[in-house]
Amino acid sequence: MEKRIINPWTWQDDRNYAQAVEVKNVQSTLYVSGQTAIDENGITSDADMRTQITKTLENLEKVILKADFELKNIVRLNVFTTDHPAFFENFDIWQSWITKHGIQQASTVIEVKTLFETLKVEMEATVVK
């Protein structure tokens, strides 16, 4: 698998995403459903945004690794949130996780009216190998 990051500018570098990701010679593609802050028993979190982002990333990581893919090969990571300002107030969690795993992905952050039950954030990913 070959991955090429396309960034015509540099401003996105501080925000830890790419404008586009080209992928060639892919062996397999994993489309990960939206992951949220739901525990192993299916109980929805009613915690604050920071806690929910952390749990959501843990769940996303668990699914990707269980499928035998590598986190660094996430090429698209979309975020849905019910509170755009609160998500960006806690953006350091996202940035640390992205940096820790060497991920360079195309991303979109979308504010939605509601998510399931008491959820504040949901993330879906596309991963290649």
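Everything below is about the structure shown above.
Residues numbered from 1 in each chain as written. Predicted model: local features only at pLDDT ≥ 70, side-chain atom pairs only at ≥ 80, totals over all residues. Heavy atoms only, no water.

Draft legend 1. Region of interest: the overall build of the protein chain. Helix and strand content of the protein chain: 3 helices and 6 strands. Mapped in sequence order, the helices and strands of the protein chain form the string β-β-β-α-β-α-α-β-β. Relative to the globule expectation of 14 Å for 129 residues, the C-alpha radius of gyration of the protein chain, 14 Å, shows essentially globular dimensions. For the protein chain, the spread of C-alpha atoms along the three principal axes comes to 40 × 35 × 25 Å. Looking at the protein chain residue by residue over its 129 residues, the buried ones come to 37%. Across the protein chain, every contact between residues at least 6 apart in sequence was considered, and the portion connecting residues at least 24 apart equals 73%. Entry remark: accessible area of the protein chain is about 7,400 Å², with carbon and sulfur atoms responsible for 48%. (Helix = DSSP H or I, 4+ residues; strand = E, 2+ residues; numbered from the N terminus. Rg over C-alpha atoms; globule rule 2.2 N^0.38 Å. Buried < 20%, exposed > 50% of the residue type's maximum accessible area, 1.4 Å probe, protein only. Contact = heavy atoms within 4.5 Å. Areas by Shrake-Rupley, 256 points an atom, 1.4 Å probe, with all protein chains shown as cover.)

Draft legend 2. Fine view of the environment of Ala 67. With respect to the element layout, Ala 67 can be found in the loop between α1 (49-66) and β4 (74-81). Residues Ala 67 and Leu 30 lie 37 residues apart in sequence; the distance between their C-alpha atoms is 8.0 Å.

Draft legend 3. The side chain of Thr 56, seen in detail. Note that Thr 56 resides in helix α1. Taking the relative accessible area as the measure of exposure, Thr 56 reaches 0% and is therefore buried. The residues touching Thr 56, leaving out its near neighbours within four places in the chain, are Gln 35, Thr 36, Ala 37, Val 121 and Met 123.

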